[in-house]
Amino acid sequence: MTEKLMPIKEAVASFVSDGDGVVLGAALENAIPFAATHELIRQGFRNLNAIAPISDISTDMLIGAGCVAEVTGAWVGNVSGGLGHNYRRAAETGLPNPIKINDYSNFSIGMAFFAGAYGLPYVPLKSILGSDIIKSNPKIILSENPFSETKEPVALVPALKPDVAFLVVQRADRFGNSHIWGSTGLTQEASIAAEKIIVLADEIVEPEVIASDPSRVLIPGFGVNAVCHVPAASHPAPLIGRWKRDNEFLHQYHKETREPADFNRWCDEWVRDLPDHDAYRTKLGGQLEDLRIRGEALSAPANYAAE
Amino acid sequence: MIIAAAREIKDSERIFVGMRLPITAYGVARLTHAPNAVGLFESGVARYEPADGMLYTMCDGPNQLDAAWTTGLIQVMGLLSGGRVHAGFIGGAEIDRFGNINTSYIGDTDNPTVKLPGSGGAPDIAAMAGRLIAIMNHQKRRLVERVSYITSPGFIDGGDSRKKAGLEGGGPAAVITDRAILRPHGPENALHLSSIHPGHTLEEIKENTGWDLRSAPDLSETPAPSKVEMDALHQIDKDGFWR
C-alpha cells in the first residue's frame, strides 16, 4: 500500500485545477470540509463548480472570494443565519462575478452522484416531478417510463461525476482507509463518483485501528489520493463525537458579510491573512476548545473472529 | 401552531420531520397521541425519541445520539421515494392557492429579484410523502395567488394536474399558519379555510391571504391546546424557544 499523508496545502495544489467540479460538503450540515474551502480561497482558484447538496456557508464564502463560476446543489445559504449574502449578490447582480446555478433537490443530486459512482448514464426519478427544477436545470429531461402501459412521466437526471471530493472523517490511517460514523448524507456516493478523493482526518491512527472494524469504513484507502491530518477541519460545522457546531460563528459571518467590503474584511481576517488551518485553530483558541466534545457514548464492540 | 401541527401526526406513522417548528411538533405528538411515530431526517437519521437538547440542524450531535438509525441520505430519502413515508413537514417563503411552495427564486430564474437558498429535500418530500403538511406565518406576501417558481409541488394548477404531472398520491393535506389551518377542498383542490385558531377572525385571515380565500363547508374553530398538550410542549421545548 502507498502512504498518502500530505499537508492539505500540498493536496489542494496537487489535485485541484481551475474549472474543476469540487465536492465540498457531502454529509449535509455536518463534516463540511471548511479547511479545504479556505485553502482553495488562499491559493486563488478560479471558475470552480462548487458541488454539494447543502454546504452551509462554504459555497457562499467561495463565491464571495471569486472562486466560483458554477453552483451545483440543492441549498446554498447560512443554515443558522438564513440567506447567504454572497450567493444572493452573485445570482441577483452578478457580483463579484456571474454564476450559473444548476438546481437539484437533495434526492436528485444524490441519485446523480449514485449514477456517477456506479456507471449509469442517468437515473429516472419521480421525486422532482411537478417541480420547476425540471425547467430551470437544462440538464434534466422530462420523459416517459418505457415499461409502463399508461403514460407515466419520469425525470431523467444525468450522472454527476465531480473532479475532486474533499471529505472530513473522524479517523484515518496513513494509507487513507477511513472510519466515519453518524449520518453520512451523500458521502459514499459523492466520493465514489469523484475522480479524486482527498480525506481530511480529525485523527490519524494506526492501520490496525481501522482494520479492526471494516464495517465502519466508508472510504477504503485504495480509492484515496491524499489523506491530510486536519483537526477540526469542519469548523464551524460539527463532526460527530469530536466537535460541536459553532452557531455563534455562523451568526457572526451572517452579520459581518452583508456588503462586499465587509465580506472581504471577514475573508482577510479568517482566511487570506492566515497561513494555514493551524493558524486558524490558534486564532479560534478557547472558542474552539469549548466546542470539543469531551463526553463518551461508546458503541459496543463487534466480534469479527473467523473461528 | 405547534400543537396544531402535532395533531396532524398519527400514531405509528413514519414522518419526515425537518427542523425548527416541525421537530417540536413531532416531540409533542410522540408524548401525547402518537407514541409509536418514527421521525426521519434526510441527512440519514431515523429516531424514535426526539433528541434531547437544542438542535440547530438535523446533523447536530444530539440528533445522532441514541438514534434508531444513522445512515446515508439515499437510504432515508429512498424510503420516501419508495412510498414508505406517511407524511412530511416543510416550510417556505411563499405558498399559493394550490399549495405549491417556493423556496428558490422570487422573480425570473435568470435574473431573480431575490435568490432564496433553494430546495434542500423539500421537492422530494412534497412529491413523494403520503401527505404534505406545510407550516408558515400567515402573511399576505407569503400566501400568494401564484408562486413565481414551484420548488415543491402542491396541486400544481389544481384539479388533476398533480396526477397528470406523474404524482399519483400525496399533496398538501394541511397548511398550518399562526392564524388558521387551510386544507384542500373540492374538485379544484384549492386551499380553503378549514379551521380558525382561537383569538383570530375570519375577516383578519382573509385580509392576510393573497387570494380570495373561501371557507370549507365544515369551517370550525381550532380546539384550544389541552393541558396534556401544553405539558408535552413544555417538556419538549424546555427553554420556551418556540413559544
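In this text, all values refer to a predicted model and were calculated from it rather than measured experimentally.

Draft legend 1. Seen up close, the overall build of chain B. The helix and strand tally for chain B stands at eight helices and 15 strands. Here the C-alpha radius of gyration of chain B, 17 Å, is about what a compact globule of 243 residues would show, namely 18 Å. When its C-alpha atoms are laid out on the principal axes, chain B stretches across 45 × 40 × 35 Å. A total of 243 residues make up chain B; the buried ones form 57% of that total. Contacts spanning at least 24 positions in sequence make up 62% of the contacts within chain B whose residues lie at least 6 apart. On chain B, roughly 9,700 Å² of surface is accessible, and the fraction owed to carbon and sulfur atoms is 50%. For chain B, the centre of its 24 positive side-chain charges and the centre of its 29 negative side-chain charges are spaced 2 Å apart.

Draft legend 2. A look at the sheet that holds strand β6 (residues 141-144) of chain A. Residues and elements named next belong to chain A. Strand order in the open sheet made by the three strands is β5-β7-β6, with antiparallel pairing throughout. On the outer flanks of this sheet lie β5 (122-125) and β6, each paired with one strand and no other. The sheet shows a mean angle of 35° between the axes of neighbouring strands, direction not considered. Note that β6 and strand β7 (residues 153-158) share four bridges and pair antiparallel. From the neighbouring strand, Leu 142 faces β7, where its bridge partner is Ala 155.

Draft legend 3. Representation of the interface of chain B and chain A in the model. Contact residues are listed per partner, giving 47 residues for chain B and 46 residues for chain A. Together, the buried faces of chain B and chain A total about 3,500 Å²; carbon and sulfur atoms form 60% of this surface. Summed over the shared surface of chain B and chain A, the result is zero salt bridges. Viewed at the interface, chain A and chain B are joined by 22 residue pairs in polar contact (both at pLDDT 80 or more). It is helix α4 (residues 73-81) of chain B that provides the largest number of residues to the side of chain B that touches chain A, a total of five residues. Looking at side-chain class alone, the side of chain B that touches chain A contains 22 nonpolar, 19 polar and six charged residues.

Draft legend 4. Spatial organisation of the domain arrangement of chain A. Residues and elements named next belong to chain A. Partitioning chain A into domains gives domain 1 (8-104 + 161-289) and domain 2 (126-158). Distance between the C-alpha centres of domain 1 and domain 2: 31 Å. At the junction of the two partners, domain 1 supplies five residues and domain 2 supplies six residues. Taken together, the two surfaces of domain 1 and domain 2 that pack against each other cover about 490 Å², and 47% of this comes from carbon and sulfur. Looking only at domain 1, the three residues that lose the most surface to domain 2 are Asn 102, Asp 103 and Tyr 104, adding up to 84% of its buried area. Residue Lys 139 pairs with Glu 70 through a salt bridge whose shortest N-O separation is 3.8 Å. At the boundary of domain 1 with domain 2, the tally comes to two residue pairs in polar contact (both at pLDDT 80 or more). Looking at the side of domain 1 that touches domain 2 element by element, the count peaks at three residues for strand β4 (residues 100-103). Residues that form the side of domain 1 that touches domain 2 fall into these classes: one nonpolar, one polar and three charged.

Rules used in this analysis
- Residues numbered from 1 in each chain as written.
- Chains lettered and ligands numbered in written order.
- Predicted model: local features only at pLDDT ≥ 70, side-chain atom pairs only at ≥ 80, totals over all residues.
- Heavy atoms only, no water.
- Helix = DSSP H or I, 4+ residues; strand = E, 2+ residues; numbered from the N terminus.
- Rg over C-alpha atoms; globule rule 2.2 N^0.38 Å.
- Buried < 20%, exposed > 50% of the residue type's maximum accessible area, 1.4 Å probe, protein only.
- Contact = heavy atoms within 4.5 Å.
- Areas by Shrake-Rupley, 256 points an atom, 1.4 Å probe, with all protein chains shown as cover.
- Lys, Arg positive; Asp, Glu negative; His and termini not counted.
- Charge placed at Lys NZ, Arg CZ, Asp CG, Glu CD.
- Pairing = 2+ DSSP bridges.
- Axes fitted to C-alpha atoms, helices over the stretch in contact; angles between N-to-C directions.
- Buried area = accessible area lost by both parts, 1.4 Å probe.
- Salt bridge = Lys/Arg side-chain N within 4 Å of Asp/Glu carboxyl O.
- Polar contact = N/O pair within 3.5 Å; in protein donor to acceptor, adjacent residues only side chain to side chain.
- Nonpolar A, V, L, I, M, F, W, Y, C, P; charged D, E, K, R; others polar.
- Domains from an automatic or database assignment.

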